[in-house]
Amino acid sequence: FEEGMGIWQDGGSDAGRYKYEPYAFSGAHFISLRDNNSTSTITTNNLNLTNASSVKINFNYYTHSMDNATEDFWLQISTDGGTSFSTIEEWNLNDEFVNGERYNESVEIEQTFSNETQFRFRCDASSNYDYVFLDDITISTCFLSVRINGDVNEESVSNLNSLKSLELKVAPNPARSVARIHFSLPASNKVQLNLYDLSGKLSKQLLNDEMKDAGEHHFTLSVDDLANGTYILHLQTPYASSQQKVLIAR
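This section reports on the structure supplied with the text. (Residues numbered from 1 in each chain as written. Predicted model: local features only at pLDDT ≥ 70, side-chain atom pairs only at ≥ 80, totals over all residues. Heavy atoms only, no water.)

**Looking at the overall build of the chain**
Okay, so step 1: Along the backbone of the chain there are one helix and 19 strands.
Okay, so step 2: Counting all 250 residues of the chain, 42% fall into the buried class.
Okay, so step 3: Taking as baseline every contact in the chain between residues at least 6 positions apart, the subset at least 24 positions apart corresponds to 69%.
Okay, so step 4: For the chain, the exposed area adds up to about 12700 Å²; of that, 43% sits on carbon and sulfur atoms. (Helix = DSSP H or I, 4+ residues; strand = E, 2+ residues; numbered from the N terminus. Buried < 20%, exposed > 50% of the residue type's maximum accessible area, 1.4 Å probe, protein only. Contact = heavy atoms within 4.5 Å. Areas by Shrake-Rupley, 256 points an atom, 1.4 Å probe, with all protein chains shown as cover.)

Rendered as structure tokens:
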């Protein structure tokens with residue numbers, strides 16, 4: 001959230017983007033939710049996830065003054081453009097969190113999605129002085145293409161199962177001049193490897209090719225021509241994807 005809200009829209013006076021380093025996980029900006037009103041939300045724009053077989057949402061959070069057992073916050077989903085939402089997961093005081101501690105969360109969602117899918121974080125607190133601070137929210141998808149003329153393609157299923165882990169790694173991180181990129185392919189596949197800034201703009205295209213060899217692959221990324229800051233390295237194959245945050249600091 002260093003450059004803005006991205007794909008997220010705040011619900012109104014009880015939600016917004018703020019700058020205060022102690023409450024941010026990386027950088028200085030974060031999202032704040034408070035109270036329990038229709039405005040205590042942040043919601044994505046419509047996302048076209050028609051072909052997605054699963055979605056993973058990673059985020060970091062920190063709570064302040066969520067001080068009774070009924071105070072919590074939720075992650076919700078809509079597949080009708082925001083007309084209705086259902087709750088995927090909730091985080092409760094003294095069950096999932098205590099105040100003043102920082103947490104990393106990962107939620108995997110497997111269901112039928114649509115071209116009007118929205119995700120929403122909603123605060124369920126008791127006053128304007130009860131907060132949850134959210135940062136580094138990432139949404140990644142696995143697109144499943146295993147049907148040909150309505151029938152399951154067993155070869156595609158086998159490839160999907162073998163590509164669950166791409167083992168994408170970057171070192172050193174933060175990088176000053178160059179970074180070494182490592183990933184593993186269990187089978188030959190078309191691979192795209194791109195570096196994006198936090199606004200989603202392509203900074204570098206590193207790879208867009210058919211990789212004939214399974215196994216480990218290594219690349220060197222020069223960052224001399226890039227400004228200091230945070231970037232997202234995204235690895236995409238037809239059956240799986242992975243991403244890593246890359247920090248450039250000189």
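**A short note on unusual backbone geometry**
Okay, so step 1: Going from A171 to P172, the amide bond is cis rather than trans, its omega being -10°.
Okay, so step 2: Tracing the backbone shows P172 in the loop between β13 (169-171) and β14 (178-185).
Okay, so step 3: Cis geometry marks the peptide bond from N173 to P174, where omega comes out at 20°.
Okay, so step 4: Locating P174 in the fold gives a position in the loop between β13 and β14.
Okay, so step 5: We note that S65 has phi near 60°; this positive angle belongs to a residue other than glycine.
Okay, so step 6: Positive phi outside glycine occurs at D136, with the angle close to 50°.
Okay, so step 7: Relative to the assigned elements, D136 resides in strand β10 (residues 131-143).

**Remarks on the sheet that holds β13**
Okay, so step 1: Strand order in the open sheet formed by three strands is β13-β14-β17, and the pairing between neighbours is antiparallel. The open sheet has two edge strands with one neighbour each: β13 and β17 (215-222). Strand-to-strand twist in this sheet, taken as the mean axis angle between neighbours without regard to direction, amounts to 20°.
Okay, so step 2: Strand direction decides the pairing type here: β14 and β17, joined by eight bridges, are antiparallel. Bridge pairing links S184 to E216 in β17. (Pairing = 2+ DSSP bridges. Axes fitted to C-alpha atoms, helices over the stretch in contact; angles between N-to-C directions.)

**Looking at the environment of T41**
Okay, so step 1: Summarising the element assignment, T41 is placed in strand β4 (residues 41-44).
Okay, so step 2: Since its relative accessible area comes to 5%, T41 is described here as buried.
Okay, so step 3: Through-space distance from the C-alpha of T41 to that of L75 is 9.8 Å; in sequence the pair is 34 residues apart.
Okay, so step 4: Not counting residues up to four positions away in its chain, the partners in contact with T41 are Q9, D10, G11, A15, L33, R120, F121 and R122.

**Structural notes on the environment of Y131**
Okay, so step 1: Within the secondary structure, Y131 is located in strand β10.
Okay, so step 2: Setting aside residues no more than four positions away along its own chain, Y131 makes contact with S32, L33, R34, Y62, T63, H64 and M66.

**Overview of a negative patch on the surface**
Okay, so step 1: There is a patch of like negative charges on the surface, built from E89, E90, D95 and E96.
Okay, so step 2: Inspection of the secondary structure assignment puts E90 in strand β7 (residues 86-92).
Okay, so step 3: For E90, a relative accessible area of 36% corresponds to the partly exposed category. (Patch = residues over 30% accessible without salt bridge, like charges linked within 9 Å, V, L, I, M, F, W, Y side chains within 5 Å. Salt bridge = Lys/Arg side-chain N within 4 Å of Asp/Glu carboxyl O. Lys, Arg positive; Asp, Glu negative; His and termini not counted. Charge placed at Lys NZ, Arg CZ, Asp CG, Glu CD.)

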